[in-house]
Amino acid sequence: MLFLIGLPMLTLSRAALMFWQSERVAATGIWPTMLLQGIRVDIIQLSLLALPLLLLAPLLAGERLWPAWRRLNIVWITLAIAALALLEIASPAFISEYDSRPNRLFVEYLKYPNEVVAMLWNGFRLHLVGGLLVTGLAGWSAWRVMRNWQRREAPWSGWKLWLTWPILFLICALAIRSTLQHRAANPAMFALTADPMVNTLILNSAWSVTHAIYGMQHEANSSDIYGKMEAADILAEFRQARASFGTPHPLVDDAEIPTLVDQKATVRRAKPLNLVIILEESLGATFVESLGGVPVTPNLERLKHEGWWFEQLYATGTRSIRGIEAVTTGFLPTPAQAVVKLSLAQRNFSTLASTLGQHGYESEFIYGGEAHFDNMRGFFTGNGFTHITEQKDYKNPKFVAGWGVSDEDLFDKTHERLSAKHAEGQPSFTLVFTSTNHSPFDFPDGRIELYEQPKATDNNAVKYTDHALGEFMVKAKASPYWQDTLFVVVADHDIRVRGDSMVPVERFHIPGLILGADLKPKRVRTVASQIDLAPTLLSLMGVDAKHPMPGRDLTREADDLPGRAVMQYEQNYGWMEGKQVVVLRPEKEPAFAHYDRQTKHLSAAEAPPADGEALARRALAHALLPAWLYREQRYRLPEE
């Protein structure tokens, strides 16, 4: 009965919202797909609502407790239909105000009932009264339909119930998961267009709110973990750190975007360069011989002599979305989930794509797997990326592994797309994300001489990706787009980051290379972080920009500066300046250490250094700053 009432109601609501927003829906050209995928979302949500009743059925649906079971069903389904109706009725006003279905903000408003009721009564009185009436009508209608069920007798005996229950449970579980692929359905899977609001129409408001609540559980408050500091003090420490690092670009006096920088490109160009970032899955320094690793990246070792090679580049975290966060947004890490998956960052969060978009660039994400994984599709489409290429877009791939098509297919597609963009003359930013170096380490036979046996190991997978990279670079250099494009090869993180130190600094060490166009070779020996790449790239590309990224523009720094890196390791936060390291830990005093790059060993300091208090305070400010910027929604671009 829940499905018989709920499914038509949610479908009609979605159709009405799509008709209301017909201009934007029509621009996407996929309205039939939106309706079909919307029904899929509705089945997920209704199955979630049916799950509690299904779990109780073996205990209550027998003949002895059948009257109580009937009443429970009537009450539960009536309330469920009323709740679904309430959220759908609230959607038009919420969309008008926030250009989205009810989300995290809707949930947060529930914390302030007095203010919200006053706001609704004063500004949305007609919506409020009408919404309550329609909600009541929906609940009453559901109760009327269900009332006829009160007279029904138990349809089955105990043994029939126990025989059919596992089958029903399995069907419900599959409906909730909605896929037999690696990952269960999530909102990112339904981000099918470049219009974030239209993507929310595919959902229903109950599912949107449910995922917002789930996401809020991962938004840890850093100040509760490491300590407290007033916002003014955080920003003062941030400004002092910029001065100590010799950052030349002035901060813009903008109270709403306090980290806003007015960056003038070091390299002046008549036409700024295009940008390609190749983000390599789990390619730590442990796989690069010249950085102390095993010799499985010969092509990268050869290419390093042709561009800017980073000798001391460090990842900000241990997961792909943390690397994506750092490389594409320049955002500092926090103990919370990376912003790629957090609700307040799904719209109007500053990224390289949105920054370059203000200069006429189109941005594309190219991936060999399913782009909804880790909410990449949702985050990218909401923050400046205009095109997503994923597994379904590859025709007749050479090889398909557990995580998607092979890296050879990925680079072939990248070459195809770059050639097309060059022919169109469209300025572009392309983010390419490899996937081979991930368990189960599948790749095609006969491409490389295996480094070790058996075949399916991380060393062999990295060597295969390096082979694919080398083949791509050969084609790129022979292509017209090479002369007007800057290429970056960088890891998202190292594989299996672990160690017996508070922060295993050696496992955060990653390779980084910038090459292409007219760039001259250079060794970057200063300690650097993934968050420093974006500001540096803007200068090398010749793009002047105002942005909130706190990273350093390494084109403006002296070669002998010690540098700085930040590392989030579970709930430990590492801040490294040169060889000095301070580690912030939950509810403990800061710990100080010394990192030896040659031995790759972090040694605990016997006593805090002379400047230990200032170092710890600087680290604390930078640990708290991103959480504050996120909560206050101040990591965004200024309005044009």
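(A) The arrangement of the overall build of the protein chain in detail. For the protein chain, the helix and strand inventory stands at 20 helices and 18 strands. In terms of C-alpha radius of gyration, the protein chain reaches 27 Å, essentially the compact-globule figure of 26 Å for 640 residues. The principal-axis extents of the C-alpha atoms in the protein chain amount to approximately 85 × 60 × 50 Å. Scored against the burial criterion, the 640 residues of the protein chain give a buried share of 56%. Here the contacts in the protein chain between residues at least 6 apart in sequence split such that 72% fall between residues at least 24 apart. When the accessible surface of the protein chain is summed, it comes to about 27500 Å², and 57% of that surface belongs to carbon and sulfur atoms. In the protein chain, 63 side chains carry a positive charge and 68 a negative one; their mean positions are 6 Å apart.

(B) Structural view of the packing of aromatic side chains. Scanning the entire structure with this criterion turns up 21 aromatic pairs. Site record: aromatic cluster; members linked through ring pairs are Phe331, Phe349, Phe365, Tyr367, Phe379, Phe380, Phe385, Phe429, Phe433 and Tyr635. Its guanidinium or amino end placed over the ring of Tyr394, Lys413 lies 5.5 Å from that ring's centre, counting from NZ or CZ. Positioned above the aromatic ring of Phe443, the side-chain terminus of Lys455 is 4.6 Å from the ring centre.

(C) Representation of the pairing of strand β14 (residues 564–569) in the model. Burial within β14 is extensive, with six of its six residues counted as buried. Neither face of β14 is exposed, since Arg564, Val566 and Gln568 on one face and Ala565, Met567 and Tyr569 on the opposite face are all buried. Looking at chain direction, β14 and strand β15 (residues 572–577) are connected through six bridges and run antiparallel. Of the residues in β15, the one forming a bridge with Met567 is Gly574.

(D) How the structure looks around empty space enclosed by the protein. Using the criterion set out here, one finds seven cavities of 30 Å³ or more in the structure. There is about 90 Å³ of room inside the largest cavity. If you go around the largest cavity, you meet 13 residues; those closest to its centre are Phe238, Phe245, Pro550, Arg564 and His622. The leading source of residues in the lining of the largest cavity is helix α12 (residues 231–244), at three residues. For the lining of the largest cavity, the per-class residue count stands at seven nonpolar, three polar and three charged.

(E) Quick peek at the sheet that holds strand β16 (residues 580–584). Taken in spatial order, the five strands make up an open sheet running β14-β15-β16-β17-β18, and their pairing is antiparallel. Among the strands making up the open sheet, the edge pair consists of β14 and β18 (601–604). Adjacent strand axes in the sheet meet at a mean angle of 25°, parallel and antiparallel pairs treated alike. With five bridges connecting them, β15 and β16 associate as antiparallel partners. Paired with Tyr573 across the two strands is Leu584, which belongs to β16. This element, helix α20 (residues 612–631), spans β15, β16 and β17 (591–596) of the sheet and lies at about 125° to β15.

(F) Quick look at the side chain of Glu88. With respect to the helices and strands, Glu88 occurs in helix α4 (residues 66–98). Here the side chain of Glu88 touches Arg101 through a polar contact of 3.1 Å, side chain to side chain. Once residues within four sequence positions are removed from consideration, Glu88 is found in contact with Leu10, Ser13, Leu17, Arg101, Asn204, Ser205 and Ala206.

(G) Spotlight on the pattern of salt bridges. In this structure the tally under the stated criterion is 31 salt bridges. Of the charged contacts, one joins Asp374 and Lys341 as a salt bridge, the two residues approaching to 3.5 Å between their closest N and O atoms. Residue Asp374 is found in the loop between β4 (362–367) and α16 (376–382), and its partner Lys341 is found in the loop between α14 (320–329) and α15 (352–357); the two are separated by 33 residues along the sequence. A salt bridge links Lys455 to Asp445; the shortest N-O distance between them is 2.5 Å. In this pair, Lys455 is assigned in the loop between β8 (428–433) and α18 (458–477) and Asp445 in the loop between β8 and α18, connecting sequence segments ten residues apart. Given a relative accessible area of 25%, Lys455 falls into the partly exposed group.

(H) The arrangement of α12 in detail. Across its 14 residues, α12 extends 20 Å between first and last C-alpha, which sits within 8% of the 20 Å expected from 1.5 Å per residue. Turning to α12, its buried residues are Ile234, Leu235, Glu237, Phe238, Ala241 and Arg242. The arc enclosing the buried residues of α12, seen along the axis, measures out at 160°, which places them on a common side. Away from its buried face by more than 90 degrees, α12 exposes Ala232, Gln240 and Ala243. Looking at the buried positions of α12, the neighbouring elements they touch are β1 (261–263) and α20.

(I) Looking closely at the pairing of β8. By the criterion of burial, β8 is predominantly enclosed, with six of the six residues buried. Because side chains alternate across β8, one face comprises the buried residues Ser428, Thr430 and Val432, and the other comprises Phe429, Leu431 and Phe433, equally buried. Examined bridge by bridge, strand β2 (residues 274–280) and β8 share five bridges and lie parallel to one another. Residue pairing in the sheet places Ile278 in a bridge with Val432 of β8. Judged from the six bridges that link them, β4 and β8 form a sheet pairing that is parallel. Counterpart to Glu364 in the pairing with β8 is Thr430.

(J) Inspection of a nonpolar patch on the surface at higher detail. Where nonpolar side chains cluster on the molecular surface, the patch consists of Met1, Leu4 and Val145 and spans about 290 Å² of accessible area. Along the chain, the position of Leu4 falls in helix α1 (residues 2–20).

(K) Representation of α4 within the structure. The end-to-end C-alpha distance of α4 is 46 Å, a good match for the 48 Å that 33 residues give at a rise of 1.5 Å each. The axis of α4 is deflected most strongly, by about 40°, at Ser91, and proline Pro92 appears within four residues downstream. After α4 finishes, the residue Asp99 shows a positive phi value of roughly 55°.

(L) A look at the packing of α12 against α20. The geometry of α12 relative to α20 is characterised by a closest axis approach of 9 Å and an angle of 115° between their N-to-C directions. For the pair α12 and α20, the sense of crossing is left-handed. Residues Ala231, Asp233, Ile234, Leu235, Glu237, Phe238 and Ala241 of α12 form the contact with α20, whose own contacting residues are Arg617, Arg618, Ala621, His622, Leu624, Leu625 and Trp628.

(M) Structural detail: the packing of α4 against helix α7 (residues 125–147). Following both chains from N to C, one finds α4 and α7 inclined at 150°, their axes separated by 8 Å at the closest point. On the basis of their axis angle, the class for α4 and α7 is roughly antiparallel. In terms of crossing hand, the pair formed by α4 and α7 is right-handed. Residues Asn73, Ile74, Ile77, Thr78, Ile81, Ala82, Ala85, Leu86, Ile89 and Ala93 of α4 form the contact with α7, whose own contacting residues are His127, Gly131, Val134, Thr135, Ala138, Gly139, Ala142, Trp143 and Met146.

What counts, and where the lines are drawn
- Residues numbered from 1 in each chain as written.
- Predicted model: local features only at pLDDT ≥ 70, side-chain atom pairs only at ≥ 80, totals over all residues.
- Heavy atoms only, no water.
- Helix = DSSP H or I, 4+ residues; strand = E, 2+ residues; numbered from the N terminus.
- Rg over C-alpha atoms; globule rule 2.2 N^0.38 Å.
- Buried < 20%, exposed > 50% of the residue type's maximum accessible area, 1.4 Å probe, protein only.
- Contact = heavy atoms within 4.5 Å.
- Areas by Shrake-Rupley, 256 points an atom, 1.4 Å probe, with all protein chains shown as cover.
- Lys, Arg positive; Asp, Glu negative; His and termini not counted.
- Charge placed at Lys NZ, Arg CZ, Asp CG, Glu CD.
- Phe/Tyr/Trp six-rings, centres within 6.5 Å; stacked < 30°, edge-to-face > 60°.
- Lys NZ or Arg CZ within 6 Å of the ring centre and 35° of its normal.
- Pairing = 2+ DSSP bridges.
- 1 Å grid on protein atoms, 1.4 Å probe; cavity = no way out; pocket = protein on both sides within 12 Å on 5 of 7 lines; lining within 4 Å.
- Points joined across faces, edges and corners; volume = space filled by probe spheres on them.
- Nonpolar A, V, L, I, M, F, W, Y, C, P; charged D, E, K, R; others polar.
- Axes fitted to C-alpha atoms, helices over the stretch in contact; angles between N-to-C directions.
- Polar contact = N/O pair within 3.5 Å; in protein donor to acceptor, adjacent residues only side chain to side chain.
- Salt bridge = Lys/Arg side-chain N within 4 Å of Asp/Glu carboxyl O.
- Expected span 1.5 Å × (residues − 1).
- Arc of directions from axis to C-beta.
- Patch = residues over 30% accessible without salt bridge, like charges linked within 9 Å, V, L, I, M, F, W, Y side chains within 5 Å.
- Bend = angle between axes of the 7 residues up to and from the residue.
- Left-handed = near helix turned anticlockwise from the far one by under 90°.
- Parallel < 35°, antiparallel > 145°, perpendicular 65-115°, else oblique.

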